[in-house]
Amino acid sequence: MFIDEARIQVKAGDGGNGCLAFRREKFVPKGGPSGGDGGRGGDVFLVASEHENTLLRYRFNPEHKAQRGRHGEGSNKTGADGHPVELAVPVGTVVYDDNTGEKLGDLAAGGDRLLVARGGRGGRGNARFATATHQAPTEHEPGRPGKERRLRLELKLLADAGLVGFPNAGKSTLISRISAARPKIADYPFTTLEPGLGVVQLPDYRSFVVADLPGLIEGAHEGHGLGIQFLRHIERTRLLVHLVDVSESSGRDPVEDFETILRELASFSESLAAKPMIVVATKLDAVQDPARVAALRRHVEERGLPCFEISSVTGLGIEALKFAMAERVLGTAPPATVLPADADA
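Basis of the calculations
- Residues numbered from 1 in each chain as written.
- Predicted model: local features only at pLDDT ≥ 70, side-chain atom pairs only at ≥ 80, totals over all residues.
- Heavy atoms only, no water.
- Helix = DSSP H or I, 4+ residues; strand = E, 2+ residues; numbered from the N terminus.
- Buried < 20%, exposed > 50% of the residue type's maximum accessible area, 1.4 Å probe, protein only.
- Contact = heavy atoms within 4.5 Å.
- Areas by Shrake-Rupley, 256 points an atom, 1.4 Å probe, with all protein chains shown as cover.
- 1 Å grid on protein atoms, 1.4 Å probe; cavity = no way out; pocket = protein on both sides within 12 Å on 5 of 7 lines; lining within 4 Å.
- Points joined across faces, edges and corners; volume = space filled by probe spheres on them.
- Nonpolar A, V, L, I, M, F, W, Y, C, P; charged D, E, K, R; others polar.
- Axes fitted to C-alpha atoms, helices over the stretch in contact; angles between N-to-C directions.
- Parallel < 35°, antiparallel > 145°, perpendicular 65-115°, else oblique.
- Salt bridge = Lys/Arg side-chain N within 4 Å of Asp/Glu carboxyl O.
- Pairing = 2+ DSSP bridges.

Examining the overall build of the chain
Consideration 1: When its secondary structure is counted, the chain shows 6 helices and 16 strands.
Consideration 2: Burial status across the chain gives 50% buried among its 345 residues.
Consideration 3: For the chain, the proportion of contacts with a sequence separation of at least 24, taken over those separated by at least 6, is 74%.
Consideration 4: Within the structure as shown, the chain displays about 17000 Å² of accessible surface, and the carbon and sulfur contribution to it stands at 50%.

Encoded structure:
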């Protein structure tokens, strides 16, 4: 079960109380204050782990609390510090304060650690208050409370290229052809219900990661279809691969499909819509009217974007597309960025 958002409550440990005690020993002529300090409460950390790939564990286990510090003891014994809590999250998790909306950190690499709740300081024992004129103090401090927070965790997959397009545009079929990923493929819309990743291996032993997202439809930013909730997973990508079904089976105009997806991307984030993009006309094996392909190519090239034509069934154009993606993702070719609709060709 793929869970990419969760809300959790974290509570750092409280500090231990300072001790009130006086020393009375047989062979010590004069006693004195001997109350030790309380221990410090444990902290709460989030740690990015490459062994985690979903936030599922936090959906059903939302409360996490660190150990409190032990109280101080007589004979000037300081209480033990509380043990910290380290919560493992997938690499790519972004952490927000759920009450204020403040972004606390982005765990973008394995091993990254983020302190989200600091433990309370231990209270001072009465031995700390002794002075030359105040030799028998009875003052001592309680421990400070640990920080308590409600957090919102969002997972953003780490991928180099993201596949976007209408449902049934051929995204899952394409990722199954260029990588070892085996997503569910069927001839009905919304076959893909959650994002998937595939690693594309090149002959020179280089590789890059492609993300397959559930399809978008018009009005997705208003919640239609599966909405745009999964678009966060391609905010980190270097390249968008926009797949457009040019076959007659869709019953839609390819040019209008292209513009609709651009509008939905812009509704989610202007920066996402401005990412480098290549356009792919899919299902060439099922095209009966070449004018549909020509119209899309002409419109896309007017936007200053490269256009590729493929058939995932026959393999037509797959290798050329794969190497074009690699060139842009690995930085060996200048990226193409989408231009406004009224820009000159």
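Further notes follow.
Considering empty space enclosed by the protein
Consideration 1: Counted under the stated rule, the structure contains 2 cavities of 30 Å³ or more.
Consideration 2: Volume-wise, the second largest cavity comes out at about 30 Å³.
Consideration 3: Surrounding the second largest cavity, Gly165, Phe166, Ala169, His242, Leu243, Val244, Asp245, Asp257, Phe258 and Ile261 form its lining.
Consideration 4: Elements with a minimum of two residues in the lining of the second largest cavity: β14 (239-245) and α3 (254-268).
Consideration 5: For the lining of the second largest cavity, a count of residues per class yields 6 nonpolar, 2 polar and 2 charged.

Quick notes on the packing of α3 against helix α5 (residues 290-302)
Consideration 1: As a packed pair, α3 and α5 sit with axes 8 Å apart at the nearest point and diverge in direction by 40°. Judged on the interaxial angle alone, α5 and α3 are oblique. Contact residues: Pro254, Val255, Phe258 and Glu259 in α3; Arg292, Ala295, Leu296, His299 and Val300 in α5.
Consideration 2: Taken together, the residues that form the contact of α3 with α5 break down as 6 nonpolar, 1 polar and 2 charged.

Thoughts on the layout of surface pockets
Consideration 1: What the second largest pocket holds in volume is close to 170 Å³.
Consideration 2: Contributing to the lining of the second largest pocket are Ser49, Glu50, Glu52, Asn53, Pro90, Val91, Leu155, Leu157, Leu158 and Leu197.
Consideration 3: Taken together, the residues of the lining of the second largest pocket sort by class into 6 nonpolar, 2 polar and 2 charged.

Some details on the pattern of salt bridges
Consideration 1: Tallied over the full model, the rule gives 22 salt bridges.
Consideration 2: In this structure, aspartate 43 engages arginine 40 in a salt bridge whose closest nitrogen and oxygen atoms are separated by 3.2 Å.
Consideration 3: The exposure class assigned to aspartate 43 is buried, which follows from its relative accessible area of 12%.
Consideration 4: Judged by its relative accessible area of 28%, arginine 40 falls in the partly exposed class.
Consideration 5: A single network of salt bridges, built from pairs that share partners, joins Glu5, Arg7, Asp98, Arg150, Arg152 and Glu154.

Points about the sheet that holds strand β4 (residues 44-49)
Consideration 1: Read from one edge of the open sheet, 3 strands run β6-β4-β9, paired in mixed fashion. Each having just a single partner strand, β6 (85-90) and β9 (113-117) make up the two edges of the open sheet. Put simply, the sheet's adjacent strands are angled 30° from each other on average, direction ignored.

Regarding the side chain of histidine 242
Consideration 1: Positionally, histidine 242 belongs in strand β14.
Consideration 2: Leave out the neighbours within four places in its chain, and histidine 242 touches Val164, Gly165, Asp257, Phe258, Ile261, Leu262, Met277, Ile278, Val279 and Val280.

Brief notes about the pairing of strand β7 (residues 93-97)
Consideration 1: Of all 5 residues in β7, 5 are buried; the element is thus mostly enclosed.
Consideration 2: Neither face of β7 is left uncovered, since the one carrying Thr93, Val95 and Asp97 and the one carrying Val94 and Tyr96 both have all their residues buried.
Consideration 3: Bridging between β7 and strand β10 (residues 148-155) involves 5 bridges; their strand directions are antiparallel. Bridge pairing in β10 places threonine 93 opposite leucine 155.
Consideration 4: In terms of strand pairing, β7 meets strand β8 (residues 103-107) through 4 bridges, oriented antiparallel. By the bridge assignment for β8, valine 95 is matched with glycine 105.
Consideration 5: The antiparallel pairing of β7 with β8 creates a hairpin that spans 5 residues between the two strands, and glycine 101 there sits at a positive phi of about 80°.

Description of the side chain of serine 312
Consideration 1: If you trace the backbone, serine 312 turns up in the loop between β16 (307-309) and α6 (318-329).
Consideration 2: The class for serine 312 is buried, based on a relative accessible area of 11%.
Consideration 3: When near neighbours in sequence (up to four residues on either side) are disregarded, serine 312 contacts Thr173, Leu174, Arg177 and Ile318.

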